[in-house]
Every structure is written in C-alpha cells, then in structure tokens.
Amino acid sequence: MERGTFLYEVWVARWSLLSGFGITLSASVLTIAIATLLGLILGIGLTYGWRPLRWLIRIYVDALRGIPVLVLILFAYYGLALFKINVPPFWAGVIALAAFSIAHIAETIRGGIESLPQGQTEAAKAIGLQFHQRLAYVIIPLATRRVLPPWMNTCAEIVKNTTLLSIIGVVEFLLSNQQAIARNYLVLQFYLFAAVVYLLINFTISQLGAKLERRYAHFRY
Amino acid sequence: MATSKAALLLQARGVTKSFGDLEILKGIDLDVRQGQVVALIGASGSGKTTFLRCINLLEEYERGEIRLDGEQIGYRVESRERRRLSEAQVSAQRARIGMVFQSFNLFPHMSAEQNVMLGLTKVRGKPKVEAQEIARHWLDRVGLADRRDHYPYQLSGGQQQRVAIARAVAMEPRLLLFDEVTSALDPELVAEVLAVMQDLARSGMTMLLVSHEMLFVRQVADHVVFMDGGVVAQAGAPAEVFERPATPRLRQFLGRFHGILTGAG
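The shown structure was predicted, so the numbers you read here are calculated from the model rather than taken from an experiment.

1. Quick look at the sheet that holds strand β1 (residues 8-19) of chain B
Residue and element names in this part refer to chain B.
Step number 1: With respect to topology, four strands assemble into an open sheet ordered β2-β1-β4-β5, the strand pairing being antiparallel. Pairing within the sheet leaves two strands with one partner each, and these edge strands are β2 (22-33) and β5 (71-72).
Step number 2: The sheet contact formed by β1 and β2 spans nine bridges and is antiparallel. From the neighbouring strand, Phe19 faces β2, where its bridge partner is Leu22.

Encoded structure:
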C-alpha cells in the first residue's frame, strides 16, 4: 500500500479509529440502556401516576424535548463544572444524551400504553391481577410491541447524537476521523467513511428492529 | 336448579352510579343465591352492563352496597365513612368473581393455555404443572383441547370466547359474570358459546348474565330481572316475567323477541 492512499491512512489510524468506534458504541449502548429503563419508569408514571407526579414528569418531558441536545451536553460538561461537580466528558455526554432521550421514550411509552384496548386491563383486573402484575404480564409486553418502531427510531437518533460528544472533547468515532483528516487531509474520504459506518450501525439497528417486530407480530388484536 | 333456600351469595342494595350528570343506576336491589343462574334483561342504556361491571369494581358504584358472601365489595365502612379497599384487597375480591366480556379480551401475546394459566399461577399461586393441568382440563371441557397452543388471532370468535370462559371458570370463582358474551359473535358461532354456558349452569356454577339471547335466558335462567331506566322494573321466574309482563315497557321490550319466545313454548 502506498503512503497517502485512503486505505493506507485508515491502516495508520486504525487504533484511534477503533477506539473512536468503541466509544461511539459504548456511549450509544449506555445511553439506550439508561434512557429505556428510566423512560419506561417515567412513561408509566406519566400514564398512571398521581396528578402532581404526572405534572412533574410532564414538565420534565416537555422541557427536555424543547432544548437542543447540544445545549444539554455543554451544560452537563461546563455547567456542572461551575458547581464544582466534576464529570468526565464521556459521562457528561452520556448523562445529557440520556436525559434528552428519556423524555422521548417516556412520551412514546405513554402513547403505547394509552393505545392499548381498555379491555386488556379489564380482563387482567377481572382475573384478580394487581396493578404491578397487570403491568408486568399484560400492559408492558403489549405496549413494548406497540412502541418497538418509535423506540428503534429513538435508538438510531441516539447513535447519531453521540457525534455531538466531540464538542466536549470525547474522541468518539467522528472526532477520531477528524483527527485522521488533520494529519492526511483526506477530507472527503474520511467523512464519507464516517457516514458509511454510522449508516451501517443504524442499518443494523433497523434490521434488528424489523426482526423483533416480526418475532412479536402475533401480539395483535 | 337452585332453590330459594340456597345460601345468599350476592346481595346488592340501593346501588347507584352516575356518569357526570347522567344517573345510570338509580338504586339496584338484587339477590343471587348459590347455584342460581340470574339473567339481566332490558333495553340498551338501562344499566345492565354498568351494574354487572360494578360487581367486580370495573366501575365504582357511588351509594348502596354490593356484598359477596356477606363481604362488601370494594369498600369498607369506617365510622360511617366509606373507604376504598386496597389494591390487594380489591384484587383478591375480583379473583373470586369471574367475568366474561363481550369482546373476549384474551391476552393476544399468550396462547390459549397461557391465557388460562396466568391467573392460576400469578393470583392463585399454583405451581406451573398444576396450573397447566387445570388449564388443559378446562380447555377440554369447552371443546378446545386441540387448540391450547393457538394464539387468539388463530382462533375464531366463538373459540376465543370459549377460551375466555375457560380462563374465568378455571379460577374457581364463586360467581361468574357474563356481559353480552355472544353479541360480538357471528350468528353461527353463538350456539357453541351458549352450549358451554348451559353446561356450566347445569354443573351448579352461580351465574349472572346480561344477555339478549331471550330463548337461552328463558331456558337456562332461574331468575330473570328486567331493568329499565336504572331500576329493576320486574323480577321473577322466567315463566312469570315472560308470560305476565307487569309493565307496558316490558311488554314492548319482549314484543321484539315475540317470534323467538313463542317458538320456545
């Protein structure tokens, strides 16, 4: 391989690119896991909670959905530092992304639960299941099937949003490409490379989603 | 057939219920004795279904009381104040009352057998093997032994409703409620569901049903209650209610089923 060709430069930067890829993946997976778990809890609170609790969650959801993710990331990193709370950039980024995505997932879950036929809850009550049992065995499984498509969407958004972590110095995949570009000036090639890799990640997610949807297609009425 | 000496199982006194300004139940009194089949009939909007749903607290009733085996459903009275029972207590009461719905409401993510097993394992706390045995027994009894691994979407309406009946009766409820269970079915599927209900009635299950199947009511019910405008307008043995309607409203209501009922002879 000749010096200066794209493949050669990728080989030179392989460890940095792999590390960037790893950071993008781990930030995505962590954010998706945290946002899904807490989003599910907030979504249930939004649907069944006491009125004051619903209001609190509603305020959170609407506020967070109205703020640009970038602002959240900058705040989590620089803002918290002002209060002498020192968070490493990676974690500041994950916290900000998760805080944003929780709001979206909570709203999705609420919509999914409310779209279920009332008869399902009534049938679950009629056999004597308590609230937490109705959630665990009937409501959540059925709502999960309903929210699978919008949830996969949110996951893809999260992957794309991890690029914003480069702003606070997290060397995720995009920044690792930019660092390579700074050495070899192969601007077009490396940005195209980055675009294709992100596309592949999200293609994998959507394939996985389609597979899950088929797997649970019988959760219908 | 239950005699009037059988123990009182369900006792409703002065039950009222409103939706906003609309008073749906204006003080319902009703007794159901052990082993009895009681049918609620009446025009739509007369409050039959609402009353049925108050019995297992799918609707909250406002005044009056409903007692099952002497225990008030849904509330306890403490120094003259009515307090709602806890979620666990209400659920325990509901587990003693089975309900079958017009729209079946089977859990779509579970096979027929799993639908029947859910309450047995999670509410009754039965081991899985025993729950499965009970589920298979009841699916067999409703004629669906060969459909136990089918999901609801793979079953006809009549089959789904029979699974729903098996799910309710497998819990060994003290009382089974049927809310217009054949109304959503194609006419040719009604008979198979009614046959299962008749079989249950014969086996001594206490049943309270809302139905427009007048022929079935006349043949199977021990006691018929005609509801009109949120009150019980007339109640008695089927022969009495069907042959000697005391009010013009009941005569008019029964008139609609005239052909069917005279055929019943």
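2. Side note on helix α6 (residues 187-202) of chain B
Residue and element names in this part refer to chain B.
Step number 1: In this model, α6 (16 residues) spans 24 Å end to end at C-alpha, consistent with the 22 Å of a helix rising 1.5 Å per residue.
Step number 2: All of the buried residues in α6 are Val193, Leu194, Val196, Met197, Leu200 and Ala201. Looking down the long axis of α6, one finds its buried residues gathered within 155° of arc, a one-sided arrangement. For α6, the exposed residues set more than 90 degrees away from the buried face come down to Glu188 and Arg202.
Step number 3: Residues of α6 that are buried sit in contact with β3 (37-41), α5 (157-169), β9 (175-179), β10 (207-210) and α7 (214-220).
Step number 4: Following α6 by one or two positions, Gly204 adopts a phi angle in the positive range, close to 95°.

3. Points about the sheet that holds strand β8 (residues 97-100) of chain B
All names here are of chain B.
Step number 1: Judged by pairing direction, the sheet is mixed, and its six strands sit side by side in the order β8-β9-β10-β3-β11-β12 without closing on themselves. Only two strands of the sheet have a single neighbouring strand rather than two, namely β8 and β12 (231-236). Sheet twist, expressed as the mean angle between neighbouring strand axes with direction ignored, is 20°.
Step number 2: One ladder, built from four bridges, connects β3 with strand β11 (residues 223-228); its direction is parallel. From the neighbouring strand, Leu40 faces β11, where its bridge partner is Val225.

4. What to know about the environment of Ile23 of chain A
Residues and elements named next belong to chain A.
Step number 1: Relative to the assigned elements, Ile23 resides in helix α2 (residues 14-48).
Step number 2: Taking C-alpha positions, Ile23 is 10 Å from Leu174, a pair spaced 151 residues apart along the chain.
Step number 3: Those residues in contact with Ile23 that sit more than four places away from it in its chain are Val170, Val171 and Glu172.

5. Let's talk about the pairing of β11 of chain B
All names here are of chain B.
Step number 1: For β11, a buried count of five out of six residues is recorded, marking the element as mostly surrounded by other parts of the structure.
Step number 2: Bridge analysis of β11 against β12 gives five bridges, and the strand direction is antiparallel. Opposite Val225, over in β12, you have Ala235 as the bridge partner.
Step number 3: Counted along the chain from β11 to the antiparallel partner β12, the turn is two residues long, and its residue Gly229 has a positive phi close to 60°.

6. Remarks on the environment of Gly209 of chain A
All names here are of chain A.
Step number 1: Relative to the elements of secondary structure, Gly209 occurs in helix α9 (residues 187-215).
Step number 2: Here Gly209 falls in the partly exposed class, since 17 other C-beta atoms lie within 10 Å of it.
Step number 3: For the pair Gly209 and Thr47, spaced 162 residues apart in the sequence, the C-alpha separation amounts to 25 Å.

7. Considerations on the packing of α2 of chain A against helix α7 (residues 131-161) of chain A
All names here are of chain A.
Step number 1: Close contact between α2 and α7 brings their axes to 11 Å; oriented N to C, the two are set at 140°. Classified by the interaxial angle, the pair formed by α2 and α7 is oblique. α2 and α7 meet at a crossing whose hand is right-handed. On the side of α2, the interface is formed by Ser28, Thr31, Ile32 and Ile44, while α7 contributes Leu135, Cys155, Ile158 and Val159.

About the thresholds
- Residues numbered from 1 in each chain as written.
- Chains lettered and ligands numbered in written order.
- Predicted model: local features only at pLDDT ≥ 70, side-chain atom pairs only at ≥ 80, totals over all residues.
- Pairing = 2+ DSSP bridges.
- Helix = DSSP H or I, 4+ residues; strand = E, 2+ residues; numbered from the N terminus.
- Expected span 1.5 Å × (residues − 1).
- Buried ≥ 20, exposed ≤ 12 C-beta atoms within 10 Å, placed from the backbone.
- Arc of directions from axis to C-beta.
- Contact = placed C-beta atoms within 7 Å.
- Axes fitted to C-alpha atoms, helices over the stretch in contact; angles between N-to-C directions.
- Parallel < 35°, antiparallel > 145°, perpendicular 65-115°, else oblique.
- Left-handed = near helix turned anticlockwise from the far one by under 90°.

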